[in-house]
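These are the residues of each chain, in order.
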Amino acid sequence: MTIQFNDETFRDDYSFHNSDWAIKRFPFPFHEDSYMYAVNMEQHRGGPEGSVYEKRFDVDEHYVAEMRDRAMVLADDPLRCQSLPHMTLAGWDLLELIMVSKSEDYPDLFELHRDGDQWRWVNKPMGIDDSFTFMDETTLPYGPMEYITRQTQGDFCVLDQREDNLWMDAGIVTTQADWSLDFDIGMNFFEWHAPVPLAHEKGIFVRALKFLLNIQQGAPARRLNWTMTVNPLLDTSPENYHKWGIQKTTLTPENIGSKQHLRVELQTFFRLPRSNALVFPIRCYLCSFQDLMTMPKWGRRLHRVVRDLPVELATYKGFIDNRPMMLDYLSQFDDGLPTSPGVWPDFDTEPPLQK
Amino acid sequence: MSAAPQKAKAGAEKIEVIVKAVVPLNDLVTRFEFERRGGALFPPFSGGAHTVVEMQDGERTRLNPYSLMSDPSDRTTYAISVRRDDEGRGGSLFLHNHVKVGDVMTITFPVNLFSLDLRAKKHLFFAGGIGITPFMAMIEQLEHMNGNWELHYACRSESLGTYVDVLSYKYPNKVHVYYDDQKQAIALEDLLDGQPLGTNAYVCGPKGMIDWVHATASAAGWPDANVHSEEFLAPAPGEPFEVRLCQSDKTITVGEHESLLEAIERAGVEAPFLCRGGSCGQCETDVVSYDGDFVHRDHWLDDEEHASGKKIMPCVSRFVGKQLELDR
Ligand code: HEM
Ligand code: FES
């Protein structure tokens, strides 16, 4: 399948939009009518054809526009990309992982030609054709992590593993849900998770860390996380809160369907072979409420989840003030019928809205 | 929460290999070199990683971990060096006596529980006997990166000094060898004292040596985080005992020469594992009820957990008593 790349923006005029294909494959994160934090990890070895889970690094219609947005963020704020000196080897590991995966999974879009350590990388959607020497930084325009992640959707944290912990010692973070790499750099798993409510008490982080420390080469894992974003903004960073925080007050009952977006992160975990580091790609998918409502099951379920979400979570996720307005909107799409289990829209089998 | 749930498999991903060379190094140690079946390259790995080798020994499947000791940048070959253990449970004997060039075997993807701290300004290695193997790969990795390292290697005798010749030839200024039978000993206190700030120490060898390095470093004021060790525990034999597996509704008997994990697997019950040596934590199993005493041998659970009677690591630990029921 060839992908038609959208010409769109994630700022100013917000021309971002999802095609019907993108809506259908949106990673709706709720497998039941309620939500609570859990150690929700599973293997990342493919998934249903066409779904965002199928490939190691999903490429979709937003690819080229997202990469343009990333370049703009980096131009304004170079600290969004940092790598402590001992993480360069992990950067090469990551470059190799992505180049090999993408060229195998999308041969019509990406090519990797290797002759010993002489590599040639062709990225057709972005018009890149570069030859370089693997493991020789001087042959690339950026460090290896930055080079490849300027060409890959999603944020990336590269974690060093030592002392039975993970350390955020490198990363590129331009599409984040209100946290900052510059603030978290050098922190460990418990330190950077400190702001999260309820999950510590439930022992979730202790168990999640044990799982992550054991992730092995060739056996990646994944989980989903989600939040809410007003306007299709990728860069909801603390650094720019003054620009986007205020936009939350622009919601009205008339514009909420198009402005309010469910923001889902497909988080994956890969062990990196040469450095024994762990890479944590955080891929962000946005979908407006009105697009989500085209799937009757998602409409019913989203209403129930948002309605019953504990106050702590709605506050942490930053939508407590707008929750009443969201519920007014969403309740129109909840007729009280039961929903089928699982995340899939089940468009053909779930009944249409009965009101 | 599962988007597209997949059943987790026990153990790491596997690789089919062909034995490409069997090289006896001395009376006790033999190197086995593998190439990937079908001619593909091996995945890269990091120095200190091990692989679990699967051996079909008659009716029994043996799974033993060995450090990868080949150059991590050589993706055509993986190599392990195995010391024959005449008293042990037979994995090493099987390799020495039955495995020959051309055999097809299965090994796991590399797993690293003993990796280099890449922040270190200097890496100080202490090897005892066959404990040299992970350092062989670490040294090659550091050489490619211009890393700063130094090796102190204690062997029983010159004739049992596995790889002493190669190492001393290639790195005469970095390798220091000590022979027990010549009453040579590592001057550990002095060595630990004279290191530049930011040095990390690594030890692999017999348990006594590991404890000695940790204790001496600690007494000399080294932060624990800067001293790394790897000790593979081989599951020790013990009296047979009976176990009830309540999830799978089975009662099994653990034989004298098999581990609890092996007995669980023999009963056809899938149980998670990675290292099979008591250090990765993957096989951690909840105890439902018991009447007797645990023989905990792992490095994973802490003292409190060992005393609690609530958890066991079936890859190395055993049980003596009337009754044991596990959540598996
Ligand atoms: C090593 C990989 C991981 C990294 C780098 C990472 C990073 C982060 C960061 C930076 C935040 C934002 C914290 C803030 O408010 O400043 C966060 C939130 C969170 N993380 Fe992780 N995380 C990782 C793995 C996990 C795993 C395996 C779990 C499994 C349970 C988890 C659960 C959570 C939860 C529940 C939140 C709150 C999110 C929300 O409600 O929106 N994280 N994580
Ligand atoms: S398998 Fe690693 S601790 Fe048991």
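Residues numbered from 1 in each chain as written. Chains lettered and ligands numbered in written order. Predicted model: local features only at pLDDT ≥ 70, side-chain atom pairs only at ≥ 80, totals over all residues. Heavy atoms only, no water.

Colleague: Explain the overall build of chain A here, please?
Modeller: Regarding its fold elements, chain A presents 13 helices and 10 strands. Its C-alpha atoms give chain A a radius of gyration of 20 Å, near enough to 20 Å, the size a compact globule of 355 residues would have. Projected onto the principal axes, the alpha-carbon positions of chain A cover approximately 65 × 45 × 40 Å. Residue pairs at least 24 apart in sequence account for 71% of intrachain contacts in chain A once pairs closer than 6 positions are excluded. (Helix = DSSP H or I, 4+ residues; strand = E, 2+ residues; numbered from the N terminus. Rg over C-alpha atoms; globule rule 2.2 N^0.38 Å. Contact = heavy atoms within 4.5 Å.)

Colleague: Honestly, the packing of aromatic side chains in this entry has me stumped. Any pointers?
Modeller: Each pair of aromatic rings is reported with the distance of its centres and the angle of its planes. Residues and elements named next belong to chain A. Applying the stated criterion to the full structure yields 38 aromatic pairs over all chains. Ring centres of F28 and W298 lie 4.8 Å apart, and the angle between their planes is 10 degrees; on these two criteria the pair is classed as stacked. Highlighted residues: F28 in the loop between α1 (20-24) and β1 (42-43) and W298 in helix α11 (residues 296-308), separated in sequence by 270 residues. W298 matches F28 in its accessibility class, with the two residues each being buried. (Phe/Tyr/Trp six-rings, centres within 6.5 Å; stacked < 30°, edge-to-face > 60°. Buried < 20%, exposed > 50% of the residue type's maximum accessible area, 1.4 Å probe, protein only.)

Colleague: What exactly am I supposed to notice about the sheet that holds strand β6 (residues 155-162) of chain A here?
Modeller: Through backbone hydrogen bonds, the strands of a sheet pair up, either in parallel or in antiparallel fashion. Residue and element names in this part refer to chain A. Read from one edge of the open sheet, seven strands run β1-β8-β9-β10-β6-β7-β2, paired in antiparallel fashion. The two strands at the open ends of the sheet, each matched to only one other strand, are β1 and β2 (81-83). In this structure, strand β9 (residues 260-271) lies alongside strand β10 (residues 278-288), joined through nine bridges in antiparallel fashion. Across the sheet, F270 pairs through a bridge with V279, a residue of β10. Contacting β6, β7 (165-172), β8 (221-230), β9 and β10, helix α7 (residues 204-213) runs over the sheet at an angle of about 75 degrees to β7. (Pairing = 2+ DSSP bridges. Axes fitted to C-alpha atoms, helices over the stretch in contact; angles between N-to-C directions.)

Colleague: What am I meant to see in the packing of α11 of chain A against helix α13 (residues 323-331) of chain A here?
Modeller: In a pair of packed helices, the angle between the axes and the distance between the axes together describe the arrangement. Residues and elements named next belong to chain A. The N-to-C vectors of α11 and α13 enclose an angle of 155 degrees; their axes lie 9 Å apart at closest approach. As the angle between them shows, α11 and α13 are arranged roughly antiparallel. When you trace α11 past α13, the crossing you get is left-handed. Contact with α11, carried on its side by L302, H303, V306 and R307, involves R323, M326, L327, L330 and S331 of α13 and no other residues of that element. Each residue belonging to the contact of α11 with α13 can be placed in one class, and the counts come to five nonpolar, two polar and two charged. (Parallel < 35°, antiparallel > 145°, perpendicular 65-115°, else oblique. Left-handed = near helix turned anticlockwise from the far one by under 90°. Nonpolar A, V, L, I, M, F, W, Y, C, P; charged D, E, K, R; others polar.)

Colleague: Would you mind going over the sheet that holds strand β11 (residues 199-204) of chain B with me for this structure?
Modeller: All names here are of chain B. Spatially, β10-β9-β8-β11-β12 is the arrangement adopted by the five strands of the open sheet, whose pairing is parallel. Each end of this open sheet is capped by a strand with a single partner; those strands are β10 (175-179) and β12 (227-230). Neighbour-to-neighbour, the strand axes of this sheet turn through a mean angle of 15 degrees, independent of strand direction. Where strand β8 (residues 122-128) meets strand β9 (residues 149-155), six bridges bridge the pair, whose relative direction is parallel. In the strand pairing of β9, G128 is matched with A154.

Colleague: Would you take a moment to explain the nonpolar core for this structure?
Modeller: A general tendency of soluble globular proteins is for nonpolar side chains to be buried together. Residue and element names in this part refer to chain A. Counting residues in each nonpolar core, the largest one holds 60 residues, and the members touching the most others are L166, W226, M228, L262, L292 and L302. With six residues, the single largest contributor to this core is α7. Membership of the second largest hydrophobic core comes to 37 residues, among which are I98, W121, I128 and L272. (Core = buried A, V, L, I, M, F, W, Y, C linked by side-chain atoms within 4.5 Å.)

Colleague: Help me understand α11 of chain A, please; the structure alone is not making it clear to me.
Modeller: An α-helical segment advances 3.6 residues per turn. Residues three or four places apart therefore align on the same side. All names here are of chain A. Taking 1.5 Å per residue, 13 residues should reach 18 Å; α11 reaches 19 Å between its end C-alpha atoms and fits that length. Of all 13 residues making up α11, 11 are buried, and the element is well covered by its neighbours. Looking only at α11, the buried set comprises P296, K297, W298, G299, R300, R301, L302, H303, R304, V305 and V306. On its buried side, α11 packs onto α1, β8, β9, α10 (289-292) and α13. (Expected span 1.5 Å × (residues − 1).)

Colleague: Teacher, can you tell me more about the confidence of the model for chain B here?
Modeller: Note: predicted coordinates in regions of low pLDDT should not be interpreted at a detailed level. Residues and elements named next belong to chain B. For chain B, the mean per-residue pLDDT works out to 91, and 95% of the residues sit at or above 70. Counting contacts from residues 4-8, a segment whose pLDDT is below 50, to residues more than four positions away or on other chains yields 16 contacts. The complex prediction reports pTM at 0.88, with the ipTM value standing at 0.86. (pLDDT = per-residue confidence, 0-100.)

Colleague: Sorry, what's going on with the interface of chain B and chain A here?
Modeller: At the junction of the two partners, chain B supplies 32 residues and chain A supplies 33 residues. Interface of chain B and chain A: buried area, both sides summed, is about 2,700 Å²; carbon and sulfur atoms make up 51% of it. One can count three salt bridges joining chain B with chain A. Between E284 of chain B and K210 of chain A there is a salt bridge; the shortest N-O distance is 3.3 Å. Across the contact surface, chain B and chain A share eight residue pairs in polar contact (both at pLDDT 80 or more). Considering only residue class, the side of chain B that touches chain A consists of 17 nonpolar, eight polar and seven charged. (Buried area = accessible area lost by both parts, 1.4 Å probe. Salt bridge = Lys/Arg side-chain N within 4 Å of Asp/Glu carboxyl O. Polar contact = N/O pair within 3.5 Å; in protein donor to acceptor, adjacent residues only side chain to side chain.)

Colleague: Sorry, what's going on with the domain arrangement of chain B here?
Modeller: The extent of an interface is frequently quoted as the accessible surface area lost upon association of the parts. Residues and elements named next belong to chain B. Under the domain assignment, chain B is made up of domain 1 (14-112), domain 2 (122-230) and domain 3 (241-326). Once you take the C-alpha centre of each, domain 1 and domain 3 turn out to be 27 Å apart. If you look at the interface, domain 1 gives seven residues, while domain 3 gives nine residues. Here domain 1 packs against domain 3, burying approximately 670 Å² in sum over the two surfaces, 54% of which is carbon and sulfur. Linking domain 1 with domain 3 are zero salt bridges. (Domains from an automatic or database assignment.)

Colleague: Can you walk me through the pattern of salt bridges in this structure?
Modeller: Pairs can form between side chains of opposite charge once their charged atoms are near each other. If you walk through the whole model with that rule in mind, you get 46 salt bridges over all chains. The residue D7 of chain A makes a salt bridge to R68 of chain A at a minimum N-O spacing of 3.4 Å. Of this pair, D7 of chain A sits in the segment before α1 while R68 of chain A sits in helix α2 (residues 63-76), placing them 61 residues apart in sequence. Of the charged contacts, one joins K170 of chain B and E140 of chain B as a salt bridge, the two residues approaching to 3.4 Å between their closest N and O atoms. Of the two residues, K170 of chain B sits in helix α3 (residues 164-170) while E140 of chain B sits in helix α2 (residues 133-144), which places them 30 residues apart along the sequence. Take K170 of chain B: its relative accessible area is 45%, and that puts it in the partly exposed class. Of the residues examined, E140 of chain B reaches a relative accessible area of 15% and is grouped as buried. Through salt bridges that share partners, D93, E96, R114 and R274 of chain A together with R75 of chain B make up one connected network.

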